[in-house]
Structure formats: structure tokens, C-alpha cells
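# Structure assessment
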Amino acid sequence: MTKLERGTRTTNRGAVIAALLSGAGIDRRQLVEQTGLSWATVARIVDDLLADGLALEQHKIVRDGPGRPGAALGFNPLSGLVCGIDLGGTYCRMVIADGIGTAIIRCRDETPRDLGAAELASWIAARVLGLVERYGDGVPLTSVAIGLPGVVASTKDRVVGAFNLPQILGTTFVETVAAELGVPTIIDNDSNLALLGELHYGELPRDETVVLLSLGTGLGSAIAFNRQVLAGPEGLLGEFGRLRLPGRKERLRDLLSGAGLLALAHEAGHRVRKADEVFAEPDRFGGLVDEIHEALLHLVSIVALAYEPSTVVFTGGFSAAFSDSVLETVSDETYETVGVHSDLRRSVLGDSGGLLGAMAAALSGYYTAIGVARHQVASITTSAHGVVAQLDGCAVDPPDEEEPS
């Protein structure tokens, strides 16, 4: 078989798998119609997928008119498991899902911040493999994706910035976690994966430029154009938190993140334990709340000029401090200042966005490994509402522990 023939067969196989993943109860005739492949090609690929355990025959499809009923086919959800991880400076969330994104088990643990790079990687790997062993029913783990609170190089082999979890800097963490998991492991910035989650399972407009601003312990951002999350060679694209405020030594992250604001308040002599105290008692902190709002306007204006996004979506616990009226005012003032109108809205996925994005990345990794091309992966349609509901409703490890909202 020539290289061209092998490439064609791989492309055809990917098209059939993508069609199976997009539709429940589809038969061979419908696969021919949807993929444009010949009956013989579809029949051969389906036989191979059945033999490999990637497809299942289900009920018979009864049609009006001549012809025998066809067997409904579907992608085998138990052909492999994937794991999505949202590693934060405070908490680490994980979800184990089957091959179509149905959540099986999830957990939420405090991040062991006192561990070094290799030890933290080993802790994560042990937690993942333990969940698979206890709840995976013998189905193999195929792919893992981890969202990190840091800047990840475009090569995905090193972390080049990590303000709130500095031990993951460099290559040790990345290399150790991949080696101990023993399966393909995708590493990316947590904001990038949160945006990926919003694109797959949220309510963002399709095929438009959108920006995600993650205001939590730190300040992160991500940008997508035509549903593709953008990245620079050193992973610094959109790292606006590093920018100094006009005429000041403070950076944007000092006013627009929980950790930054606490440090700034302490430096000014204020006794405060949580960032939300600043918003609850604004008079106690002088004009600090006004400075925060000005910093938000400055950030959104920069984003508007850099990308002209149709939508800016906010996520992270710190962003809850900004009311809908504040976001509307910032949107109006941004338009008046720079001439770009963007819809500022809250994430509908909340804290689950990063976890869902990591799961989506892990699923994409699995699908490409079994022959689905990247553009074919992008064509797969699933029930976003169903996936989110299944994540919310799945069991938490340990079973009698409820995950805080």
C-alpha cells in the first residue's frame, strides 16, 4: 500500500468515526450518505471498527419501503477512558469520563502546594490511576489533559511562567506526570482549556472572535478565533496581568486577582483575609474599589483593541465581585473610549469550564490517536447540555463527600 493510499484510508476511517460520534443509532446506509464514501469502503471500515472494539451494533432500524432493516451503529463509549484535570493553586479537580464524554467519577482535592515538581506530578498521577482502577471497570485509560495555572510554551513541553504554583516551572513536572501516567498527556494553560470548555459546552457564539478573562486567584486570559484557541511561541499571548497600570508600579493582576489584591491591601496596611471584604466594605479601603473598576476598564479596552472580540466571557471567583451593571458600564465605556463594542457576559459553566475543557482536550487526543483528523474532530457534534448535566450529576470520590459549589 502506498503512502497516499494509507493516508486516504486513515482519512476515510476518521470520517466514519466522526459520524458515529456525532449521531446515535446510525446505520451503514446513513454513513454512506453522511461521509460520501462508497458502500464497500464504509462496510470495510465498520467491520474493522467492530473488530477493534471501537464500534457497537445496536438495535435494528426499521424503514418504510423496500430493503432490509439495517443495524444501528454507535461509537463504543467503553473503548477507552479519558481524564481531564484542572490544576489550580488552591484546588485540583479531576474527572474520569468514557469515550464519548460521559463523566464516571470526579474529585476535588486541595492542591498539595508544599510538594516539589516531581512529587506533585507523582501525586496527580497516583490520584488519576487510583480513580481509573476503582471506577473504570477495567476499561483502559487512553488520554489525559491538564490545565495548569501557568504559561505553557507552544511546544507543550515546559512551563515558562507560574505565579501561583512556581514549582511547576520548567520541564520536570511535565515530564514526570506524563511518564507516570503512561498515556499521551496534553498540557496547556488553564485559561486556554477553560475557553475550550466554553466553546464546546457553553453558550458562546460560533465562528466569532471571543475572549475569556479568568479572574480568580490569578489573572488569566484566552482568545479564540473561528473556534480555535490561539497560542504564541512562548505561551505569553494574552498574559495581560503582567502589564503595569499607567503611571504605577502595580500590575493589572495586583488589582484584578484574589492573591494580587490581598497582597496590595496588606502592603497598604489593611487587615483583610479575603478579597471580597474589599467589595463588601468599600469605604474602609478608601478608593480601592474605584481603582479596581478602572483597572477592569483598562484591561477590557486593551482586549478590545487587540482582538475586536464579539464576546468577552468572565470566569473565576474574583469576577463574581463585578455586578451585571458594572459589566454593562465597562462595555459601554470601552466602546466610547476605543470604538469596539463587545458583549461582556458571565460564564454559564462557572468553575466547571476548566474541567470540561480539559476533558474535551483529552477526548480530542483520544480521537486523533484512533485516526480522526483534527478538522474531523472539530466537526463532531455532541449534546452540550447532556455532557454538563452528566458532570454535575456524576459521583464524587469519596462517594459520601459533596463537592462545594
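Please read these numbers as outputs of a predicted model, since none were measured by experiment.

### Considering a negative patch on the surface
- Judged by side-chain charge, Asp290, Glu294, Glu328, Asp332, Glu333 and Glu336 come together as a negatively charged surface patch.
- Going through the elements one at a time, helix 10 (288-307) and helix 11 (324-338) are the ones with two or more residues in the negative patch.
- Here the negative patch takes 4 residues from helix 11, the largest share from any one element.
- Within the secondary structure layout, Glu336 lies in helix 11.
- Residue class for Glu336 comes out exposed when judged on its relative accessible area of 66%.

### A few points about the packing of helix 10 against helix 11
- Their axes nearest at 9 Å, the elements helix 10 and helix 11 cross at an angle of 55°. Between helix 10 and helix 11, the interaxial angle falls into the category oblique. For helix 10 against helix 11, the interelement crossing comes out right-handed. Contacts between helix 10 and helix 11 involve His293, Leu296, Leu297, Val300, Ser301, Ala304 and Leu305 from the first element and Val326, Leu327, Val330, Glu333, Thr334 and Val338 from the second.
- Taken together, the residues of the contact of helix 10 with helix 11 sort by class into 9 nonpolar, 3 polar and 1 charged.

### Points about the side chain of Asn76
- Relative to the helices and strands, Asn76 is located in the loop between strand 2 (70-75) and strand 3 (81-87).
- Judged by its relative accessible area of 13%, Asn76 falls in the buried class.
- A polar contact is formed between the side chain of Asn76 and the backbone nitrogen of Leu78, at a distance of 3.0 Å.
- Apart from residues lying up to four places away in sequence, Asn76 is in contact with Gly53, Leu54, Ala55 and Leu56.

### Comments concerning helix 10
- Over its 20 residues, helix 10 runs 29 Å from end to end, which matches the ideal 28 Å to within 8%, given 1.5 Å per residue.
- Looking at helix 10, one finds that the buried residues are Leu288, Val289, Ile292, Ala295, Leu296, Leu297, Leu299, Val300, Ser301, Val303, Ala304 and Tyr307.

### A few points about the pattern of salt bridges
- Within this structure, the stated rule accounts for 15 salt bridges.
- Here Glu277 and Arg284 are joined by a salt bridge, their closest N and O atoms 3.8 Å apart.
- Among the charged side chains, a salt-bridge network with shared partners connects Asp109, Arg127, Arg134 and Asp397.

### Observations concerning the domain arrangement of the chain
- Segmenting the chain into domains produces domain 1 (3-75), domain 2 (81-196 + 352-393) and domain 3 (205-347).
- For domain 1 and domain 2, the distance between their C-alpha centroids amounts to 30 Å.
- Residue-level contacts link 11 residues of domain 1 with 12 residues of domain 2.
- Approximately 880 Å² of surface area, both sides summed, lies buried where domain 1 meets domain 2, with 65% of it carried by carbon and sulfur atoms.
- Ranking the residues of domain 1 by area buried against domain 2 places Leu21, Ser22 and Phe75 at the top, with a combined share of 49%.
- Counting across the interface, domain 1 meets domain 2 through 0 salt bridges.
- For the interface between domain 1 and domain 2, the tally reads 2 residue pairs in polar contact (both at pLDDT 80 or more).
- Looking at the side of domain 1 that touches domain 2 element by element, the count peaks at 9 residues for helix 1 (residues 3-22).
- For the side of domain 1 that touches domain 2, the residue count by class is 6 nonpolar, 4 polar and 1 charged.

### Regarding the packing of helix 2 (residues 28-35) against helix 3 (residues 39-51)
- One way to put it is that helix 2 packs onto helix 3 with a least axis distance of 9 Å and a crossing angle of 120°. In terms of orientation, helix 2 lies oblique with respect to helix 3. Judged by the sense of rotation from one axis to the other, the crossing of helix 2 with helix 3 is right-handed. Where helix 2 approaches helix 3, its residues Arg28, Arg29, Leu31, Val32 and Thr35 are matched on the opposing element by Trp39, Val42, Val46, Asp47 and Leu50.
- Of the residues belonging to the contact of helix 2 with helix 3, the class tally is 6 nonpolar, 1 polar and 3 charged.

Criteria and thresholds
Residues numbered from 1 in each chain as written. Predicted model: local features only at pLDDT ≥ 70, side-chain atom pairs only at ≥ 80, totals over all residues. Heavy atoms only, no water. Patch = residues over 30% accessible without salt bridge, like charges linked within 9 Å, V, L, I, M, F, W, Y side chains within 5 Å. Areas by Shrake-Rupley, 256 points an atom, 1.4 Å probe, with all protein chains shown as cover. Salt bridge = Lys/Arg side-chain N within 4 Å of Asp/Glu carboxyl O. Lys, Arg positive; Asp, Glu negative; His and termini not counted. Charge placed at Lys NZ, Arg CZ, Asp CG, Glu CD. Helix = DSSP H or I, 4+ residues; strand = E, 2+ residues; numbered from the N terminus. Buried < 20%, exposed > 50% of the residue type's maximum accessible area, 1.4 Å probe, protein only. Axes fitted to C-alpha atoms, helices over the stretch in contact; angles between N-to-C directions. Parallel < 35°, antiparallel > 145°, perpendicular 65-115°, else oblique. Left-handed = near helix turned anticlockwise from the far one by under 90°. Contact = heavy atoms within 4.5 Å. Nonpolar A, V, L, I, M, F, W, Y, C, P; charged D, E, K, R; others polar. Polar contact = N/O pair within 3.5 Å; in protein donor to acceptor, adjacent residues only side chain to side chain. Expected span 1.5 Å × (residues − 1). Domains from an automatic or database assignment. Buried area = accessible area lost by both parts, 1.4 Å probe.

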